Amino acid sequence: MAGTRYHHGDLEQAIIETAKQMLEQSGIAELSLRDIAKHIGVSHQAPYKHFASKADVLLAIRTEGFQKLAAATRRATAKHPRSPRLQLEVAAISYVRLALESPAVYQLMFGGPIRPDEVGPEHQAAARDSFAALAEIFQPNGAPYSETTTLRTRLVWAMVHGIASLRINGYLSDQSEGLDEITKSACRVLSKDWFAAR
């Protein structure tokens, strides 16, 4: 694996990017701060200036993953500001595509070796915001979520998570166009009584 190009002053991000590459190629078990440092080309002690342990690096990757998920969802829904039905479809497709771009990172976001007591407020906020980005389709006014909004958001999240996980584990076709159609059809079936006709 080619090491992440390191420039003075951005070592923390270089560590995260290199760790993501190693995670995708070799998995969590093979990841270590020493190997990350070797790939970047710094001393084996240098990563400890930013991360106390491998778990801290993994948590940073998870946090960034949820931040990217929230941003991708909002970019997708912004394309159809007047149609929550279309917002749901493009957000769902965006979710699945993002998961498939970095499957090991995606699986780390929803599992992995990180204990609940290792998850800090920044990570919790990022995870909540990714949920909020999806919930805004159903309740865009910023008010506290209704029970209906919470339920629908959870149902959609469970649906897209299932589609992404099935594909990552080889149970769905690897043709992206076909997967987009599966995702879109699933949205339409799930939400057929949710939105007024438009």
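So, here is what we can say about the structure in this document.

Cut-offs and rules
- Residues numbered from 1 in each chain as written.
- Predicted model: local features only at pLDDT ≥ 70, side-chain atom pairs only at ≥ 80, totals over all residues.
- Heavy atoms only, no water.
- Helix = DSSP H or I, 4+ residues; strand = E, 2+ residues; numbered from the N terminus.
- Buried < 20%, exposed > 50% of the residue type's maximum accessible area, 1.4 Å probe, protein only.
- Contact = heavy atoms within 4.5 Å.
- Phe/Tyr/Trp six-rings, centres within 6.5 Å; stacked < 30°, edge-to-face > 60°.
- Core = buried A, V, L, I, M, F, W, Y, C linked by side-chain atoms within 4.5 Å.
- Axes fitted to C-alpha atoms, helices over the stretch in contact; angles between N-to-C directions.
- Parallel < 35°, antiparallel > 145°, perpendicular 65-115°, else oblique.
- Nonpolar A, V, L, I, M, F, W, Y, C, P; charged D, E, K, R; others polar.
- 1 Å grid on protein atoms, 1.4 Å probe; cavity = no way out; pocket = protein on both sides within 12 Å on 5 of 7 lines; lining within 4 Å.
- Points joined across faces, edges and corners; volume = space filled by probe spheres on them.
- Expected span 1.5 Å × (residues − 1).

From N to C terminus, the protein chain includes 8 helices and 0 strands. Structurally, the protein chain occupies a C-alpha span of about 60 × 40 × 30 Å along its principal axes. Sorting the 198 residues of the protein chain into buried and exposed places 40% on the buried side. Pairs at least 24 apart in sequence give 67% of the contacts found in the protein chain among residues at least 6 apart.

Now for the packing of aromatic side chains. Applying the stated criterion across every chain, the model contains 9 aromatic pairs. Aromatic side chains Phe138 and Phe195 sit 6.0 Å apart centroid to centroid with 0° between the ring planes, which places their arrangement in the stacked category. Remark: Phe195 occurs in the segment after α8 (176-190) and Phe138 occurs in the loop between α6 (121-135) and α7 (147-168); sequence separation between them is 57 residues. One exposure class covers both Phe138 and Phe195, and it is buried. Members of the aromatic cluster, joined through ring pairs, are Phe66, Tyr95, Tyr106, Phe110, Phe131, Tyr145 and Trp157.

With 49 residues, the main nonpolar core has Ile36, Val57 and Leu88 as its most contacted residues. Secondary-structure elements contributing two or more residues to this core are α1 (11-26), α2 (33-40), α3 (54-77), α4 (84-101), α5 (103-109), α6, α7 and α8. Leaving out residues up to four positions away in the same chain, Ile36 has contacts with Ile15, Thr18, Ala19, Met22, Leu31 and Val57.

Okay, the packing of α1 against α2 next. Two measures define how a pair of helices packs: the angle their axes make with one another and the distance between the axes. Between α1 and α2, whose axes approach to 9 Å, the crossing angle comes to 105°. In terms of their interaxial angle, α1 and α2 are classed as roughly perpendicular. Residues Leu11, Ala14, Ile15, Thr18, Ala19 and Met22 of α1 pack against Asp35, Ile36, His39 and Ile40 of α2. Of the residues belonging to the contact of α1 with α2, the class tally is 7 nonpolar, 2 polar and 1 charged.

In this section: empty space enclosed by the protein. Inspection of the entire model under this criterion finds 1 cavity of 30 Å³ or more. In this structure, the largest cavity encloses a volume near 40 Å³. Every element with two or more residues in the lining of the largest cavity is listed here: α3 and α6. Of the residues assigned to the lining of the largest cavity, the class counts are 4 nonpolar, 2 polar and no charged.

Another point: α1. Taking 1.5 Å of rise per residue, 16 residues should cover 22 Å, and α1 covers 22 Å from first to last C-alpha, within 8% of that figure. Taken residue by residue, α1 has Leu11, Ala14, Ile15, Ile16, Thr18, Ala19, Lys20, Met22 and Leu23 as its buried positions. Of the surrounding elements, those touching the buried residues of α1 are α2, α3 and α5. Backbone geometry just downstream of α1 places Gly27 in the positive-phi region, at approximately 90°.

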